[in-house]
Amino acid sequence: MELMSAIVLLLGAFYSALTAHCLPNSFGKEFITAFPENIAYYHPTNPNNRVVITALYSNTFVTVTMKDPSFIETQQLSAGVPYDFLTTIGTELARPGLLLNLIPTASFSSCYLIQTITNVQNNQALLVVPTDQTQGVKLGNGLLTLTWTPMIGTGYSWGLAYLQAYETSHIIWHSSSKMAVYYLGETTNSVFGNPAASLNTDPDSMGCVVKPALVELGTQQGGWPESIQYCQTLGYSLVSLNTEEMLLSVASKLRESGLQAPGQHQAWIGLRRSSLTGQWYWLSQQNVSFTHWAKNEPGTTTEGQCAMMFVDPDGNYTWSDQSCCEALPAVCYQGPTYLSLW
């Protein structure tokens, strides 16, 4: 079963349990699985929604119809062999008291905002998270501990979080994965809801990014000390690549700036060797726990006191030591801005 169909069934069962309605029998000749609608213009990609049908007897003819847009397909099925009806139509879950747009997996995000309502019985968040990533969900600054239920036939699990109404704004985010988050409100007689507002798509271990990091390859050449001043005049700093994740992120942005082909110009980074101890240190004062030196680098203290980045023949962004007086451009960096979680 595809994830979208699983969410439809999950939310349908959830609503029925709350309102004490009985679910219809899952065997029959005619079914209405969801209310189709065209995906709105703001969705980045078309989802792949599926209706999977299995017949009890061979030579069973099955017809699937959708009114908007016009769609009809008939297939002759063999007993016990699932048939997959694929459509790019979006879906809404339509049941009494609950009309909920579903989030396609292509539109999953890492950070969501939920605004609670004070005059309802319960404010809740329904989360759909990859099963192997359920430990990384956070509510504000705290880890969110939920009871997770696997969604059969998918790699996802769902959990339900109760939200305090006196806190009107709730930030739910994941440090390493994308997910779907829905708001559900419950009154005495009904349940209503909507997808939570997405604040940021890509996960970040530090929180919800509201302004991404910026990287700029300097247009002027100078020594290592001059490169520090150059970046500062732009409101940036000479980049410190203290983790592999940071290196890959900066390298991706440098490819967009033109520093991508082997043999192209070199550029200063914020790594220097201490004249007193001979130890390398970052300008950001972070520990040098990660390095990406080229083969046979770094050399001796007489060969270079400052570090620069270049593209090796394999297309990797590697480092080499260099005389600090060498005229090179700078890799300037401005860190991301995070949403306050307090």
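Sequence order sets the numbering: in each chain, residues are counted from 1 along the sequence as written. For a predicted model such as this one, the threshold for reporting local features is a pLDDT of at least 70, and the threshold for listing and counting side-chain atom pairs is 80 or more; totals across whole chains, interfaces and linings nevertheless cover every residue. As a rule here, side-chain values come from all non-hydrogen atoms in the structure, and water together with hydrogens is ignored.

- Per an unreviewed UniProt entry, the chain goes by the name C-type lectin domain-containing protein and belongs to Umbra pygmaea.

## Focus on the overall build of the chain
And then number 1: Think of it this way: any DSSP run of H or I at least four residues long counts as a helix, any run of E at least two long counts as a strand, and we number them from the N terminus. Counting its regular elements, the chain contains 3 helices and 26 strands.
And then number 2: Looking at the chain residue by residue over its 342 residues, the buried ones come to 42%.
And then number 3: To be clear on the numbers: accessible area is Shrake-Rupley with a 1.4 Å probe, and residue cover counts the displayed protein chains and nothing else. A total of about 18800 Å² of accessible surface is found on the chain, and carbon and sulfur atoms cover 52% of it. Burial here depends on accessible area, computed with a 1.4 Å probe over protein chains only, as a share of the maximum for the residue type. Under 20% is buried, over 50% is exposed, and the range in between is partly exposed.

## Some words on the nonpolar core
And then number 1: As used here, the term nonpolar core means buried Ala, Val, Leu, Ile, Met, Phe, Trp, Tyr and Cys residues forming a set that is joined through side-chain atoms within 4.5 Å. In terms of nonpolar packing, the biggest core is built from 28 residues, with Ile114, Ala125, Leu127, Val137, Ile172, Met179 and Val181 touching the most fellow members.
And then number 2: Put simply, the parts of the chain that give this core at least two residues each are strand E8 (111-115), strand E9 (122-130), strand E13 (156-163) and strand E15 (180-186).
And then number 3: Residues are treated as being in contact if the distance between any of their heavy atoms lies within 4.5 Å. Residues contacting Val181, with those up to four places away along its chain left out, are Ile103, Tyr112, Ile114, Ala125, Leu126, Leu127, Ile172, Pro195 and Ala196.

## Focus: the environment of Asp202
And then number 1: Secondary-structure assignment places Asp202 in the loop between strand E17 (197-200) and strand E18 (209-211).
And then number 2: If we ignore the near neighbours within four places in the chain, the residues touching Asp202 are Ser110 and Lys178.

## Section: unusual backbone geometry
Backbone geometry follows two general trends: most residues other than glycine have a negative phi, and most peptide bonds adopt the trans configuration.
And then number 1: Here the bond from Glu297 into Pro298 is cis, since omega is -5°, no more than 30 degrees from zero.
And then number 2: Counting through the fold element by element, Pro298 comes out in the loop between strand E22 (280-282) and strand E23 (306-311).
And then number 3: Of note, Gln285 is a non-glycine position whose phi angle comes to about 70°, a positive value.
And then number 4: When you line up the elements, Gln285 lands in the loop between E22 and E23.

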